[in-house]
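In case you want the letters, here they are:
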Amino acid sequence: MYEVLPSYGHVRDLAARSGSVRPDDDFSMLWEVPSAAWTHLKRIKVALIGATNLILASDPDREGEAIAWHIIEMLQQQNALHAGIRVARAVFHEITEASIKNSLQAPRDINLILVNAYLGQRALDYLIGFNISPLLWRKLPGCQSAGRVQSAALSLICDREMEIDQFKSREYWTVDAVFGNKNSTSSKSGIFFPSHLIEIGSKRLGQLSISSETEAKAIEQKLISSKFEVLSSKTSHTRKNPPAPYITSTLQQESANKLHFPATYTMKLAQKLYEGVQLADGKSTGLITYSRTDELHISDEAAKDIRSLIMKRYGPGFASDGVRKYFKKVKNGQEAHEAIRPTDINRLPSSLVGTLDDDALKLYTLIWSRTLACQMEPAIIDQIQIDIGSFDGYSIFRASCSKIGVIGYQAVHQDVEAAVVSVHENDCIGKDAAYSALDILKEGDHVYISEVKPKQHHTIPLPRYTEGSLVKKLEELGIGRPSTYASTIKVLQDRSYVSIKSRILYPEFRGRMVSAFLANHFSEVADYRFTADVETELDNVSAGMAEWKGLLKDYWTRFSKHCNQASNVTIHQVEKMLEGKFGDYLFASLPNRSCPSCLDGILTFKVSKVGAGYFIGCNQHPRCKYIARTLYGGDEDNDGAEVDSQRQTTVEEPKLIGMHPSTSEKVLLKVGPYGHYIQLGEDNKSCSPQRASAGHIKDLTSVSLEQALDLLSYPKTLGLHPEDRRPVIIKIARTGFAVKHGKTMAPVPKGLQPSDITLEKAMKILSGRDARHTGRPKSKAKA
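Residues numbered from 1 in each chain as written. Predicted model: local features only at pLDDT ≥ 70, side-chain atom pairs only at ≥ 80, totals over all residues. Heavy atoms only, no water.

Going by what an unreviewed UniProt entry lists, the chain is known as DNA topoisomerase and is assigned to Kalanchoe fedtschenkoi. According to its UniProt record, the chain has this under Sequence similarities (unreviewed entry): "Belongs to the type IA topoisomerase family." (UniProt positions renumbered as here; feature names shortened; annotations may be inferred.)

A.B. asks: Give a detailed account of the overall build of the chain, specifying residues and quantitative values.
C.D. replies: Assigned secondary structure in the chain consists of 22 helices and 29 strands. The C-alpha radius of gyration of the chain comes to 35 Å, more than 25% above the 28 Å expected for a compact globule of 783 residues. Taking the principal axes of the C-alpha coordinates as reference, the chain spans close to 100 × 100 × 55 Å. Across the 783 residues that make up the chain, the buried fraction comes to 46%. Carbon and sulfur atoms form 50% of the exposed surface of the chain, whose accessible area is close to 40400 Å². Of the side-chain charges in the chain, 98 are positive and 90 negative, and the distance between the mean point of each set is 6 Å. (Helix = DSSP H or I, 4+ residues; strand = E, 2+ residues; numbered from the N terminus. Rg over C-alpha atoms; globule rule 2.2 N^0.38 Å. Buried < 20%, exposed > 50% of the residue type's maximum accessible area, 1.4 Å probe, protein only. Areas by Shrake-Rupley, 256 points an atom, 1.4 Å probe, with all protein chains shown as cover. Lys, Arg positive; Asp, Glu negative; His and termini not counted. Charge placed at Lys NZ, Arg CZ, Asp CG, Glu CD.)

A.B. asks: Would you mind going over a nonpolar patch on the surface in detail, with residue names and values included?
C.D. replies: Taken together, the side chains of Met1, Tyr2, Ile55 and Leu104 present a nonpolar region at the surface, about 530 Å² in accessible area. Relative to the elements of secondary structure, Ile55 occurs in strand 5 (residues 53-56). (Patch = residues over 30% accessible without salt bridge, like charges linked within 9 Å, V, L, I, M, F, W, Y side chains within 5 Å. Salt bridge = Lys/Arg side-chain N within 4 Å of Asp/Glu carboxyl O.)

A.B. asks: Account for helix 2 (residues 62-77), with residues named and values stated.
C.D. replies: With 16 residues, helix 2 should reach 22 Å at 1.5 Å per residue; the first-to-last C-alpha distance of 22 Å fits that figure. When you tally the buried positions in helix 2, you get twelve out of 16 residues, the bulk of the element. Taken together, the buried positions of helix 2 are Arg62, Gly64, Glu65, Ala66, Ile67, Ala68, Trp69, His70, Ile71, Ile72, Met74 and Leu75. In this structure, the buried residues of helix 2 make contact with strand 4 (31-32), helix 1 (35-47), strand 5, strand 6 (86-89), helix 4 (112-139) and helix 16 (528-542). (Expected span 1.5 Å × (residues − 1). Contact = heavy atoms within 4.5 Å.)

A.B. asks: How would you summarise the environment of Asn131 if you had to cite specific residues and measurements?
C.D. replies: As for its position among the elements, Asn131 is in helix 4. On the basis of relative accessibility, which here comes to 25%, the residue Asn131 falls in the partly exposed class. Along the chain, Asn131 and Ala339 lie 208 residues apart, while their C-alpha atoms are 38 Å from each other. Ignoring sequence-local partners within four residues, the contact set of Asn131 consists of Trp556, Phe559 and Cys563.

A.B. asks: Any chance you could break down the pairing of strand 8 (residues 192-200) for me, citing the residues and the numbers?
C.D. replies: As paired strands, strand 7 (residues 171-180) and strand 8 are joined by five bridges and run antiparallel to one another. Its bridge partner being in strand 8, Val178 is matched across the sheet by Pro194. In terms of strand pairing, strand 8 meets strand 14 (residues 395-406) through four bridges, oriented antiparallel. Each bridged residue has a counterpart across the sheet, and for Glu199 the counterpart in strand 14 is Ile396. As paired elements, strand 8 and strand 9 (residues 203-204) share two bridges and run antiparallel to each other. Note on strand 9: the bridge partner recorded for Ile200 is Lys203. What sits between the antiparallel neighbours strand 8 and strand 9 is a turn of two residues, in which Gly201 has the positive phi angle 55°. (Pairing = 2+ DSSP bridges.)

A.B. asks: So what's going on with unusual backbone geometry? Residues and values would help.
C.D. replies: Residue Pro715 follows Tyr714 across a cis peptide bond; omega there is 5°. The backbone of Asp26 sits at a positive phi, close to 55°, despite the residue not being glycine. Here Asp26 lies in the loop between strand 2 (21-22) and strand 3 (28-29). Of the residues examined, Asp26 reaches a relative accessible area of 48% and is grouped as partly exposed. Unlike most non-glycine residues, Asn79 shows phi in positive territory, near 55°.

A.B. asks: Residue-level account of the side chain of Gln150, with values.
C.D. replies: In this structure, Gln150 sits in helix 5 (residues 148-166). Note on Gln150: relative accessible area 12%, which makes it buried. Leaving out residues up to four positions away in the same chain, Gln150 has contacts with Ser145, Thr488, Val491, Leu492 and Tyr497.

A.B. asks: Talk me through the packing of helix 8 (residues 263-275) against helix 10 (residues 358-373); I want residue IDs and the actual numbers.
C.D. replies: It is at 10 Å that the axes of helix 8 and helix 10 come closest, and there the two elements cross at 85°. In terms of axis orientation, helix 8 runs roughly perpendicular to helix 10. Facing helix 8, whose interface residues are Tyr265, Thr266, Leu269, Ala270 and Leu273, helix 10 presents Asp359, Ala360, Leu363 and Tyr364. Split by residue class, the contact of helix 8 with helix 10 holds seven nonpolar, one polar and one charged. (Axes fitted to C-alpha atoms, helices over the stretch in contact; angles between N-to-C directions. Parallel < 35°, antiparallel > 145°, perpendicular 65-115°, else oblique. Nonpolar A, V, L, I, M, F, W, Y, C, P; charged D, E, K, R; others polar.)

A.B. asks: Pulling in residues and values, what's your account of the packing of aromatic side chains?
C.D. replies: In this structure the tally under the stated criterion is 18 aromatic pairs. A centroid spacing of 5.5 Å and a plane angle of 75° characterise the contact between Phe509 and Phe582, whose relative ring orientation is edge-to-face. On the criterion of sequence distance, the pair formed by Phe509 in helix 14 (residues 509-521) and Phe582 in helix 18 (residues 571-586) is long-range, its members being 73 residues apart. There is no split in this pair, since Phe509 and Phe582 are both buried. Geometrically, the ring pair formed by Phe509 and Phe605 is edge-to-face, given 6.2 Å between the ring centres and 80° between the ring planes. With Phe509 in helix 14 and Phe605 in strand 18 (residues 603-607), this pair connects stretches of sequence that are 96 residues apart. Take Phe509 and Phe605: they sit in the same class, and that class is buried. Taken together, Phe509, Phe582, Tyr585, Phe605 and Tyr614 form an aromatic cluster joined through their ring pairs. Residue placement shows Lys501 over the ring face of Tyr506; its charged tip is 5.4 Å from the ring centre. (Phe/Tyr/Trp six-rings, centres within 6.5 Å; stacked < 30°, edge-to-face > 60°. Lys NZ or Arg CZ within 6 Å of the ring centre and 35° of its normal.)

A.B. asks: Account for the environment of Ile113, with residues named and values stated.
C.D. replies: In this fold, Ile113 is placed in helix 4. Distance from Ile113 to Ser499, taken between C-alpha atoms, is 40 Å for residues 386 residues apart in sequence. Residues contacting Ile113, with those up to four places away along its chain left out, are Val541, Ser542, Ala543 and Gly544.

A.B. asks: Break down the state of the cysteines for me, citing the residues and quoting the values.
C.D. replies: Per the counting criterion, the structure on display carries zero disulfides. The closest cysteine sulfur to the non-disulfide-bonded Cys618 is located on Cys598, 3.7 Å from its own sulfur. Using a relative accessible area of 1% as the deciding quantity, one classes Cys618 as buried. (Disulfide = S-S within 2.5 Å.)

A.B. asks: Explain the packing of helix 9 (residues 300-313) against helix 10 to me, using residue names and the numbers behind them.
C.D. replies: In helix packing, the relevant descriptors are the interaxial angle and the interaxial distance, both defined with respect to the helix axes. Relative orientation of the contacting elements helix 9 and helix 10 amounts to 90°, with a least axis distance of 9 Å. Taken as axis vectors, helix 9 and helix 10 run roughly perpendicular relative to one another. Between helix 9, through Ile306, Leu309, Ile310 and Arg313, and helix 10, the contact on the second element is made entirely by Trp368, Thr371 and Leu372. A breakdown of the residues in the contact of helix 9 with helix 10 according to their chemical character gives five nonpolar, one polar and one charged.

A.B. asks: Describe the pattern of salt bridges, naming the residues involved and giving the relevant values.
C.D. replies: Per the counting criterion, the structure on display carries 27 salt bridges. Measuring nitrogen to oxygen at the nearest pair gives 2.7 Å for the salt bridge that ties Asp357 to Lys272. Of the two residues, Asp357 sits in the loop between helix 9 and helix 10 while Lys272 sits in helix 8, which places them 85 residues apart along the sequence. Relative accessible area serves as the criterion here: at 35%, Asp357 is assigned to the partly exposed category. Across the salt bridge formed by Asp387 and Arg398, the nearest N and O atoms sit 2.8 Å from each other. With Asp387 in strand 13 (residues 379-390) and Arg398 in strand 14, the pair connects residues that are eleven residues apart, well separated along the chain. In terms of burial, Asp387 and Arg398 fall into one category: buried.

Printed below as a string of structure tokens:
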């Protein structure tokens, strides 16, 4: 008796232009309806004709509440809500028959407190984005945007890179040993087990206690001649509880770690599984519940089915005594939906082979196995620890091992259905023999040292973030909402702030510049602790404990001052700030920063006045136009992060090829914003020296003086065109040589040497299909 219609998310949003949020007008907002949303609104409006009830059943979080509020606001503006219609809000956290019926029996009004929290968050993000982004465009050309959550995530990545840059590695040594439990040197008798040195000379060893090879070798010599006995043997048992079911953030983390899927790809696959596929019976069926969720709850109906399958598949002792409920609070989670699980736990992964592609099947298997595990008994891990000491009390070694005592939920990892995603799950499996070797040793037993293994190590910095570890860190800090992490990482990539190589997130220099600029002029935006506090404040608004306009007013008072101060910063001040911050990186290959061209200037970091480039050049510009290194150029931006990164780390000084035989001027190989070129003579402010592009030469390291002089001889006139008597010339183009006549130009075919081009051959080339008109359009045509 009801018609169900989708809104396809928000039906309106803040207008994407300046002034859509007005702090001076009590934070009033200018809304705009996208053209696609009008279609959905019209369908709802038509469906309301003659209707008596309108039930709004969007998500129960603040975003969902805002969608319902927007729909009512727009329908009222369209006069679509006639007097006889009853508007109700239905809320349910799981898509089950019982939950939906219960929500329809207890409808409510729009929760304006949740709507206000949404308005506060939306206005805050708008004010940050639409005030910082224009400043970035002007102060750091080519840097496109800076949002609240995006900037905090970028700050995390760049701060970690700074830690890595500043890290000083230290040498240290460890000493391991292999012991045997019989006084025999034959490897065929007795049982051997590894151990590591934990105490020397009654002093507990720390990571850096043994700092040199000399110390390690001295300890080795002392140990070889020592006799040993077992000092103690301890066994313990640890309960390892099953993991909670997946929510959005944990699914992204596990998918990245186990399947090596990027967060955006994981969410794309999950959406496909949620929307459904056509099964063998011809029906289109959704395979998992909604994948954008922060809730750990599983419906009672689903839990009952899960436990039933566990008992059937593994035995009664594997299912937990009762339904396991998980209540871990996720920071900034809005708990709108139940956890991610299969819609039918009895639909085994093997039944979907051939229906799903390989990657979608892997993700489904990951969700299926985790859902089963969350309702199973804990695993019991047996652990044993043996301490072995020398008779003279000089040294103590420790050997330890663990094995699975009661397999519990880890039975899922041995299930053939989960084999594709359980390769690295069972670290304890197969260790029974090693455990038994230690278990037979008792206090006072004599053992002998079979082998001593000193090993050199160096301290390493914390690793760069992967998508999985970044998502985990953002969730720990409470930055943003877990359901937005994938899109946040994608924006950082799209802006060329971050690149991903072998699943590692590397900050590009552009991203590091943006992060440094924000940290210097907008410390609150870049401070991820502040960003997390904002989320907490918005949660307080959702709980009715704070007023949203008061929150905005407090923030805007401080933020607007930062905007005014940053707008008065000059490009020169930005250059100096970045040079001070990244000087070690920028000038790593330039120990001598004096200009090699004019000899008077100093090489400094500069922002190009044209385009979106950054370079290291002489501070005597425009008198001296020397460029030592180009960081970004129009071409480099299009080459991709990997090529760009390689170019950033290479600084090329002008190379002297030789002296001109007639004039004795220097013939130099140089590099500029558009690539390598040959130059005759030094830079001269009164007249430009003769130059020729060398971009088409593959091996620039072996350019001879003869080749360079030949390049400088171009362009050459081949003769006059027989029809108009205008010169036909051959010249150097960016990718090789070209023939030109008037406004017509054609590339010289590959394999044809330019020295072999005659006027007759040039005419044939110009008449070919590759010839093109190079003249500029007239101003009228341009307009």
